[in-house]
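Descriptive structure summary
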Amino acid sequence: MGTQKMQGKRHSNIAIFIPHMGCPNACSFCNQRVISSTVSAPSAEEVGRTLEAACEVLPDGDSEIAFFGGSFTAVDRNYMVSLLEAAQPFLKSGKVRGIRCSTRPDCIDGEVLEILKSYGTSAVELGAQSMDDGVLAANNRGHTAAQVAEASAMIKEYGFELGLQMMIGLYRSTSEKDMETAKRLIALAPDTARLYPAVILKNTRLGELFQSGEYVPYRFDTAAELCADMLEMFEAAGIRVIKLGLHASETTEADMLGGLYHPAFREIVEGILFRREMEKRIKEKGSYRVYAAPNAVSKAAGQRKCNILYFAEMGAGIKICPDESLQNREIIVKKE
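Note that the structure is predicted; figures quoted are calculated from it, not measured. (Residues numbered from 1 in each chain as written. Predicted model: local features only at pLDDT ≥ 70, side-chain atom pairs only at ≥ 80, totals over all residues. Heavy atoms only, no water.)

1. Observations concerning the overall build of the protein chain
The line we're drawing: Where helices and strands are cited, they refer to DSSP runs of H or I of at least four residues and of E of at least two residues respectively, numbered from the N terminus. Radius of gyration here uses only the C-alpha atoms, and the compact-globule reference equals 2.2 Å multiplied by the residue count raised to the power 0.38. Between buried and exposed lies partly exposed: a residue is buried under 20% and exposed over 50% of the maximum accessible area for its type, with that area taken using a 1.4 Å probe on protein chains only. For the area figures, the Shrake-Rupley method with a 1.4 Å probe applies, and any residue is considered shielded solely by the protein chains shown. Residues scored as positive are Lys and Arg, those scored as negative are Asp and Glu, and His as well as the terminal groups of each chain are ignored. In plain terms, the charge of a residue is placed at NZ if it is Lys, CZ if Arg, CG if Asp and CD if Glu.
Of regular secondary structure, the protein chain possesses 13 helices and 13 strands. Compactness check: the protein chain gives a C-alpha radius of gyration of 21 Å against a globular reference of 20 Å for 336 residues, within 12% of the reference. With the C-alpha coordinates of the protein chain rotated into their principal frame, the extents come out at 65 × 50 × 40 Å. Within the span of the protein chain, comprising 336 residues, buried residues form 54% of the whole. If you sum the accessible surface of the protein chain, you get close to 14,900 Å²; carbon and sulfur atoms cover 48% of it. For the protein chain, the distance from the average position of its 39 positive side-chain charges to the average position of its 43 negative side-chain charges is 5 Å.

Spelled out as structure tokens, the structure:
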């Protein structure tokens, strides 16, 4: 349990991790002990203490309570309600701005959505992972692409903010299938998205397939370029990508066998988008000044200044300069 910064908006999640309990499937990639860094489910009393401690240091109304880590609507109903009840004093007092939870597409129905709504839940995120039924089956997801679409429609109909999560580079997927998944998720018009390149963890089916040589993950640079394409697509559709890459964790790094993990994965991907913008404007050798928003200078330079080195190899020397008139990934290029 702890706080996490949300991408795209200046507020925090007070993350309450619910382990694997309630989930009907052991997905190929899943080791919830590693992902949530916990082995026991928090009690309602523990949740209350966590929220009280977090609210002492976070501004009122700035944060959301986030029940993550498992399939929230698949846990024992009484337990789920007890956690929602533990959140009520903080929600009603205005100390937190809402509640969000993550769950499976096949664990959504009218009854559970009514319960979530009655307790002030504002956002529901679905672990869609893929919109290819063959990929879903190969990774033992236990639901279909059609169920993702049906659950998404219900969540929106009930007035919740919809979040969709996908995984890139799963067993038996391809870059073409992943891109098609991104397009189909965008067509469902979620409010937010999380893009997770597959990380191979110990004690998972994916780990076994990797060690046997049956599963070969994408090359890191291939995955990063693909995620850059997807980030552009989601943003062009007005969908906030609030997470890109598995959250940084010492436990994850210790239990990782391979796959697509980097603690600064989003920065790497955004650096690719900056490089692409520069490529449109830097066509010949010479010296250039590239202006970017002050908080984007490091991204424009690229991870370990890889963009500067990339253009240097082409005979173009670039210097990244801050410009307060710019925002996001806007740049101005001037030849010296």
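Next comes the rest of the account.
2. Focus: the pattern of salt bridges
A pair can form between side chains of opposite charge whenever their charged atoms are brought close. Spelled out, the test is: Salt bridge, as applied in this entry: a Lys or Arg side-chain nitrogen positioned within 4 Å of an Asp or Glu carboxyl oxygen.
If you walk through the whole model with that rule in mind, you get 22 salt bridges. Salt-bridge contacts for Arg 329 lead to Glu 235; the nearest nitrogen and oxygen are separated by 2.2 Å. Placement of the pair is Arg 329 in the loop between β12 (316-322) and β13 (331-335) and Glu 235 in helix α9 (residues 220-236), with a sequence separation of 94 residues. In this structure, the salt-bridge partner of Glu 277 is Arg 281, at a minimum N-O distance of 3.1 Å. Of the two residues, Glu 277 and Arg 281 both sit in helix α11 (residues 265-281), 4 residues apart, roughly one turn of that helix.

3. Brief notes about the environment of Leu 246
In plain terms, the rule: The contact criterion used is simple: two residues touch if any of their non-hydrogen atoms lie within 4.5 Å.
As for its position among the elements, Leu 246 is in the loop between β9 (240-244) and α10 (250-255). Discounting residues that sit within four places of it in the chain, Leu 246 has contacts with Tyr 196, Val 199, Thr 252 and Tyr 261.

4. A short note on the nonpolar core
Rules: Buried Ala, Val, Leu, Ile, Met, Phe, Trp, Tyr and Cys residues that are joined via side-chain atoms within 4.5 Å together make up what is termed a nonpolar core.
Core analysis: the largest hydrophobic core is formed by 70 residues, its most contacted members being Phe 67, Phe 72, Leu 84, Leu 185, Met 230 and Phe 234. With 9 residues, the top contributor of residues to this core is helix α3 (residues 77-92). With 18 residues, the next largest nonpolar core counts Tyr 291, Ile 318, Ile 320 and Cys 321 among its residues.

5. Looking at the packing of α9 against α11
Note the threshold: Inter-axis angles, ranging from 0 to 180 degrees, are taken between N-to-C directions of lines fitted to C-alpha atoms, where helices are fitted over the stretch in contact. An angle below 35 degrees is treated as roughly parallel, one above 145 as roughly antiparallel, one from 65 to 115 as roughly perpendicular, and anything else as oblique. Lys, Arg, Asp and Glu make up the charged group, whereas Ala, Val, Leu, Ile, Met, Phe, Trp, Tyr, Cys and Pro make up the nonpolar group; the residues left over, Gly among them, are polar.
Two elements in contact, α9 and α11, have axes whose closest approach is 9 Å; the angle formed by their N-to-C orientations is 75°. Classified by the interaxial angle, the pair formed by α9 and α11 is roughly perpendicular. Residues Phe 220, Ala 223, Ala 224, Glu 225, Cys 227, Ala 228, Asp 229, Leu 231, Glu 232 and Glu 235 of α9 lie in contact with α11, whose contacting residues are Phe 265, Arg 266, Ile 268, Val 269, Glu 270, Ile 272, Leu 273, Arg 275 and Arg 276. Taken together, the residues that form the contact of α9 with α11 break down as 11 nonpolar, no polar and 8 charged.

6. A short note on the environment of Ala 312
Looking at the secondary structure, you find Ala 312 in helix α13 (residues 306-313). Taking C-alpha positions, Ala 312 is 39 Å from Ser 12, a pair spaced 300 residues apart along the chain.

7. Quick word on the packing of α3 against helix α4 (residues 110-118)
Put simply, the rule is: Crossing chirality is assigned from the near helix's rotation relative to the far helix, an anticlockwise turn below a right angle marking it left-handed and a clockwise turn marking it right-handed.
Contact geometry of α3 with α4 gives a least axis separation of 11 Å together with a crossing angle of 20°. Classified by the angle their axes make, α3 and α4 are roughly parallel. Considering the relative orientation of α3 and α4, their crossing is right-handed. Residues Arg 77, Met 80, Val 81 and Leu 84 of α3 form the contact with α4, whose own contacting residues are Glu 111, Val 112, Ile 115 and Leu 116. Classifying every residue of the contact of α3 with α4 by side-chain character gives 6 nonpolar, no polar and 2 charged.

8. Notes on the packing of aromatic side chains
How we decide: Pairing of aromatic rings covers Phe, Tyr and Trp, the last counted by its six-membered ring, and requires centre-to-centre distances within 6.5 Å; plane angles under 30 degrees mean stacked, over 60 mean edge-to-face, and any other angle means tilted. To sit over a ring, a charge needs its Lys NZ or Arg CZ within 6 Å of the ring centre and within 35 degrees of the ring normal.
A complete count under the given rule lists 4 aromatic pairs for this structure. Aromatic side chains Phe 220 and Phe 265 sit 5.7 Å apart centroid to centroid with 90° between the ring planes, which places their arrangement in the edge-to-face category. Separated by 45 residues along the polypeptide, Phe 220 in helix α9 and Phe 265 in helix α11 bring together distant segments of the chain. Residue classification places Phe 220 among the partly exposed positions, given a relative accessible area of 30%. Classification of Phe 265 as buried rests on a relative accessible area of 1%. Above the face of the Tyr 310 ring, Arg 275 is positioned so that its terminal group lies 5.4 Å from the ring centre.

9. Structural notes on the pairing of strand β11 (residues 286-292)
Where we set the bar: Two strands are counted as paired when DSSP detects at least two bridges linking them.
Where β11 meets β12, 7 bridges bridge the pair, whose relative direction is parallel. Its bridge partner being in β12, Tyr 288 is matched across the sheet by Ile 318. For β11 and β13, the ladder comprises 5 bridges, and the chain directions are antiparallel. Note that in β13 the partner of Arg 289 across the bridge is Lys 334.

10. Regarding the sheet that holds β11
Judged by pairing direction, the sheet is mixed, and its 3 strands sit side by side in the order β12-β11-β13 without closing on themselves. The sheet terminates laterally at β12 and β13, the two strands that pair on one side only. Across the sheet, the axes of successive neighbouring strands diverge by a mean angle of 25°, strand direction being ignored. Sheet strands touched by α11: β11, β12 and β13. Its angle to β13, the strand with the most contacts, is close to 40°.

11. Quick notes on α11
Our working rule: Every helix has an expected span of 1.5 Å times one less than the residues it contains.
The first and last C-alpha atoms of α11 sit 25 Å apart over 17 residues, in line with the 24 Å expected at 1.5 Å per residue. Within α11, 13 of the 17 residues are buried, leaving the element largely enclosed by the surrounding structure.

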